[in-house]
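Residues per chain, in single letters:
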Amino acid sequence: MPTEILYRTSATAKGGGRDGHSEVDDGSFKADLTVPKELGGPGGDGLNPEKLFATGYAACYMGALRHYAASKKIKVPADTTVQVGVGIGPRDDGGFGLDVDITVGLPGVERDVAEDLIAGAHHVCPYSDATRGSLKITPKLA
């Protein structure tokens, strides 16, 4: 839990949820959503909650990686990448659950240093904190 809220935003979904429309309340981002074929929808190139979650998590994790590296006075290469994969499927109790994996590319960084940066970023990342205990996520080096 944060000790102080430094920033807050909100978004609103309309329509059918996964096949509806979602937008940030300040108007800065709007998206029509499409259900993937694998979940019974028409599929296509449309956005869905898993794509949005993966995009947000990847960006947040990259920020956490750079923050943690700076605290250790380590320069993160400009061509560093964070890839977040998000899967969805049924749970045993009848609901649905997510499966998340994180792969970090730190070209030119020694393996032990890279692994420390990855672990440190996972500790400080708010998305990682929010999912800790409900998802098993073990970030790995590409």
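Residues numbered from 1 in each chain as written. Predicted model: local features only at pLDDT ≥ 70, side-chain atom pairs only at ≥ 80, totals over all residues. Heavy atoms only, no water.

- Under an unreviewed UniProt entry, the protein chain has the name Organic hydroperoxide resistance protein and belongs to Paracoccus spongiarum.
- Its UniProt record, at the heading Sequence similarities (unreviewed entry), says of the protein chain: "Belongs to the OsmC/Ohr family." (UniProt positions renumbered as here; feature names shortened; annotations may be inferred.)

1. Digging into the sheet that holds strand E5 (residues 96-105)
- Overall, mixed pairing links the three strands, which are arranged E4-E5-E6 in an open sheet. Because the sheet does not close on itself, it has two edges, and the strands there are strand E4 (81-90) and strand E6 (140-141).
- Note that E5 and E6 share two bridges and pair parallel. Opposite Thr 103, over in E6, you have Lys 140 as the bridge partner. (Pairing = 2+ DSSP bridges. Helix = DSSP H or I, 4+ residues; strand = E, 2+ residues; numbered from the N terminus.)

2. Remarks on the sheet that holds strand E3 (residues 30-32)
- In spatial order, the strands read E1-E2-E3; together these three strands make up an open sheet with antiparallel pairing. This sheet does not close on itself; its edge strands, each paired only once, are strand E1 (11-14) and E3. If you compare each strand with its neighbour and ignore which way they point, the axes differ by 10° on average.
- Sheet analysis places strand E2 (residues 21-24) next to E3, joined by three bridges and oriented antiparallel. (Axes fitted to C-alpha atoms, helices over the stretch in contact; angles between N-to-C directions.)

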